[in-house]
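Single-letter residue listing:
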Amino acid sequence: MLKQFTKVAATAALLATPLAAWAQDFTIRATANSNEDDEDYDGLVVFKNYVEAASNGRIAVEMFIGTQLCATGAECLEGVAEGSIDVYISTSGGAAGIFPYIQVLDLPYLMSDDRVAEAVLSGDFVRTLRDRALADSDNTIRLMTIGNTGGWRNFANTERRVQTPSDLEGLKLRTVVADLPVQLVEAMGASATPIPWPELFTSLQTGVVEGTANGITDIMGMKFPDAGLQYLTLDGHSYMGALWWMSNENFMAMPEDLRRVVVDGFYQLQQATFASPKRKSIQAYEDFVAGGGDIYVPTMEEKAAFAEAAAPVYDWFRENVDGGSEMLDALIAAVAEVEADLAADYSSDLN
């Protein structure tokens, strides 16, 4: 594939100011393995609009939605490392094969709500992840920002209402093909079955699995209620982070003023993906209930029981994931700092 950041025509080298000419025209080729109904697409549209406008046309953004440029996380990240893909969005599971500690975002019950998650993912914790990923990729893959792709993961199933961890015992739950989600499901007493996303509808329909852990927009977007998924428990065990990666070589090839435009563009993208699931989930929840779905919100005591049942997963993560202990400590510290700031804000705003 062609190098993503393209120079102007080769004849520019003959001009009196070749470096200035070289910096005039960059193209960012960005891919998301999703569709135009997804939060990733919403974010890219905002990114494209902002970057092209703020750069006065010096940067063009080309969007490739689906699998035109690459099909899997490993393949896409390899393209980023080689510079043949400029921007790629992955889930933590999609990047875990290369950066296993990224799965820290999937650890359950560490971030309590949107305000906490959005503040944590806008701060130095992301820079810690970026530095580690750059070092581990020989300075080829740069983490630009972390947004959202689907809200919060919640337990959903075809069999019964789940109010406590014991209600999950014996259920066959689908997980992504990664170790950490399997550990979580088994800690809850359920049976974990790794299944690729495109096969989940049929697996629910045929009873190969009886449940999953997803956000409501994904559940309704994939029409899982038609496959028998009727029970949803809003335990919100993990924030569905969207990791936006960029070719570090191509990013650093740009002059500083355009790098700033790109960084600001990713801020705009992040804010769009924070907002998109909130809006889309309103209709999704209404449609779920209208179709006969049962939604249960755990009490504080019940949610504490879920968190207690999940505690062994943290020890497993520290002991088995390269860089896991370091990243878990960094996330815990970031959450504590944000919660302290929010407590001070509430104290001021409520009185």
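Each chain has its residues counted from 1, running along the sequence as written. Local features in a predicted model are, by the rule used here, given only for residues with pLDDT of at least 70; side-chain atom pairs are given and counted only at 80 or more, and totals for whole chains, interfaces and linings are based on all residues. Heavy atoms from the whole structure form the basis of all side-chain values; hydrogens and water molecules are not counted.

Visitor: What should I look at first to understand the overall build of the protein chain in this one?
Guide: Here a strand is any run of E in DSSP of at least two residues, a helix any run of H or I of at least four, and the numbering for each starts at the N terminus. Secondary structure summary: the protein chain contains 13 helices and 9 strands in total. Over its C-alpha trace the protein chain gives a radius of gyration of 21 Å, about what one expects of a compact globule, namely 20 Å for 351 residues. Residue exposure (1.4 Å probe, protein chains only): buried if accessible area is under 20% of the type maximum, exposed if over 50%, otherwise partly exposed. Burial analysis of the protein chain (351 residues in total) assigns 51% to the buried set. If you take every contact in the protein chain between residues at least 6 apart in sequence, the share linking residues at least 24 apart comes to 74%. Each radius of gyration is computed over the set of C-alpha atoms, and the globule rule expresses the reference value as 2.2 Å times the number of residues to the power 0.38. Should any heavy atoms of two residues lie within 4.5 Å, those residues are considered in contact.

Visitor: How do you make sense of the side chain of Ser281 when you look at a structure like this?
Guide: Here Ser281 lies in helix H11 (residues 256-290). On the accessibility criterion, Ser281 (14% relative accessible area) is buried. Those residues within four positions of Ser281 in sequence are excluded, and the remaining contacts are Ile216 and Thr217.

Visitor: I would appreciate a short explanation of the environment of Asp124 in the present structure.
Guide: Relative to the elements of secondary structure, Asp124 occurs in helix H6 (residues 124-136). With a relative accessible area of 55%, Asp124 lands in the exposed category. Sequence separation between Asp124 and Thr193 is 69 residues; the distance between their C-alpha atoms is 35 Å. At 2.7 Å, the side chain of Asp124 and the side chain of Arg127 are in polar contact. By the criterion applied in these results, polar contacts are pairs of N or O atoms within 3.5 Å in which, for protein atoms, one can donate a hydrogen and the other can accept it, and in which residues neighboring in sequence qualify only through two side-chain atoms.

Visitor: I would appreciate a short explanation of the packing of aromatic side chains in the present structure.
Guide: One pair of aromatic rings is described through two measures. These are the centre distance and the angle between the planes. Two aromatic rings, drawn from Phe, Tyr or Trp (for Trp, its six-membered ring), form a pair once their centres lie within 6.5 Å of each other, and the interplanar angle then sorts them: stacked below 30 degrees, edge-to-face above 60, tilted otherwise. Counted under the stated rule, the structure contains 7 aromatic pairs. Look at Trp152 and Tyr239: their rings are 5.0 Å apart centre to centre, the planes differ by 75°, and that puts the pair in the edge-to-face class. Remark: Tyr239 occurs in strand E8 (residues 231-247) and Trp152 occurs in strand E4 (residues 141-157); sequence separation between them is 87 residues. Taking the relative accessible area as the measure of exposure, Tyr239 reaches 3% and is therefore buried. Members of the aromatic cluster, each reached through a chain of ring pairs, are Phe99, Tyr101 and Trp245. Two conditions define a charge located above a ring, namely a distance within 6 Å from the ring centre to NZ of Lys or CZ of Arg, and an angle within 35 degrees of the ring normal. Against the face of Tyr346 rests Arg115, its NZ or CZ located 5.2 Å from the ring centre.

Visitor: Before we go on, may I ask you to explain the pattern of salt bridges in this structure?
Guide: Opposite charge on two side chains lets them pair, provided their charged atoms get close. Each reported salt bridge corresponds to a side-chain nitrogen of Lys or Arg within 4 Å of a carboxyl oxygen of Asp or Glu. In this structure the tally under the stated criterion is 10 salt bridges. A salt bridge links Arg58 to Asp257, with the nearest nitrogen and oxygen atoms 2.9 Å apart. Here Asp257 lies in helix H11 and Arg58 lies in the loop between helix H2 (39-54) and strand E2 (59-65), a separation of 199 residues in the sequence. Look at the salt bridges and you will find they share partners, linking Arg132, Asp136, Asp322 and Glu326 into a network.

Visitor: Honestly, helix H13 (residues 324-349) in this entry has me stumped. Any pointers?
Guide: Helical geometry note: an α-helix holds 3.6 residues per turn, so side chains three or four residues apart project in the same direction. Residue count minus one, scaled by 1.5 Å, sets the expected span of a helix. The terminal C-alpha atoms of H13 lie 37 Å apart, and with 26 residues this matches the ideal 38 Å at 1.5 Å per residue to within 8%. Of all the positions in H13, only Gly324, Met327, Leu328, Leu331, Ala334, Val335, Val338 and Leu342 are classed as buried. Among the structural elements, helix H5 (114-120), H6 and helix H12 (300-320) are those in contact with the buried residues of H13.

Visitor: Would you take a moment to explain the pairing of E4 for this structure?
Guide: Remember that side chains alternate between the two faces of the sheet whenever the strand is regular. Of all the 17 residues making up E4, 17 are buried; the element is thus mostly covered by neighbouring parts of the structure. Only when DSSP finds a minimum of two bridges between them are two strands counted as paired. With 12 bridges joining them, E4 and E8 adopt antiparallel strand pairing. Following the sheet pairing, Asn157 is matched in E8 by Tyr231. Pairing geometry for E4 and strand E7 (residues 211-214), over 4 bridges, is antiparallel. Within E7, the position partnered with Asn154 by the bridge is Asn214.

Visitor: Is there a simple way to think about H6 in this case?
Guide: The end-to-end C-alpha distance of H6, which contains 13 residues, comes to 18 Å, matching closely the 18 Å that a straight helix rising 1.5 Å per residue would cover. Among the residues of H6, Phe125, Val126, Leu129, Arg130, Arg132, Ala133 and Leu134 are the ones counted as buried. One or two residues past the end of H6 sits Asp138, with phi positive at roughly 55°.

Visitor: Would you explain the side chain of Arg132 in this entry?
Guide: Relative to the helices and strands, Arg132 resides in helix H6. With relative accessibility at 17%, the residue Arg132 sits in the buried group. Arg132 has contacts with Tyr101, Asp322, Gly323, Glu326 and Met327, leaving out every residue within four places of it along the chain.

Visitor: How should the nonpolar core be read in this particular structure?
Guide: Within soluble globular proteins, side chains that are nonpolar tend to cluster in buried spots. Ranked by size, the top nonpolar core spans 62 residues in total, and within it Val104, Leu107, Met111, Val120, Phe125, Met188 and Trp245 carry the most contacts. Within the residue set of this core, elements represented by two or more residues are helix H3 (73-82), H5, H6, E4, helix H7 (179-187), E8, H12 and H13. When near neighbours in sequence (up to four residues on either side) are disregarded, Phe125 contacts Val104, Leu105, Val120, Met327, Ala330, Leu331 and Ala334. Take the buried Ala, Val, Leu, Ile, Met, Phe, Trp, Tyr and Cys residues and link them wherever side-chain atoms come within 4.5 Å; each set so joined is a nonpolar core. Judged by nonpolar contacts, the second largest core, of 23 residues, contains Ala32, Phe47, Trp244 and Leu269.

Visitor: Any chance you could explain the packing of H7 against H12 here in plain terms?
Guide: Packed helix pairs are specified by the crossing angle of their axes together with the interaxial distance, meaning the distance between the axes. Contact geometry of H7 with H12 gives a least axis separation of 8 Å together with a crossing angle of 150°. Regarding the angle of H7 to H12, the classification is roughly antiparallel. Taken as a pair, H7 and H12 cross one another with a handedness that is right-handed. Contacts from Asp179, Leu180, Gln183, Leu184 and Ala187 of H7 reach H12 at Ala309, Ala310, Val313, Trp316 and Phe317. Axes, fitted as lines to C-alpha atoms, cover a helix only where it is in contact. Angles between the N-to-C directions of the axes lie from 0 to 180 degrees. Small angles under 35 degrees read as roughly parallel and large ones over 145 as roughly antiparallel, with 65 to 115 read as roughly perpendicular and the rest as oblique. Two helices cross in a left-handed way if the nearer one is turned anticlockwise from the farther one by less than a right angle. They cross in a right-handed way if the turn is clockwise.

These figures come from the coordinates and say nothing about function on their own.
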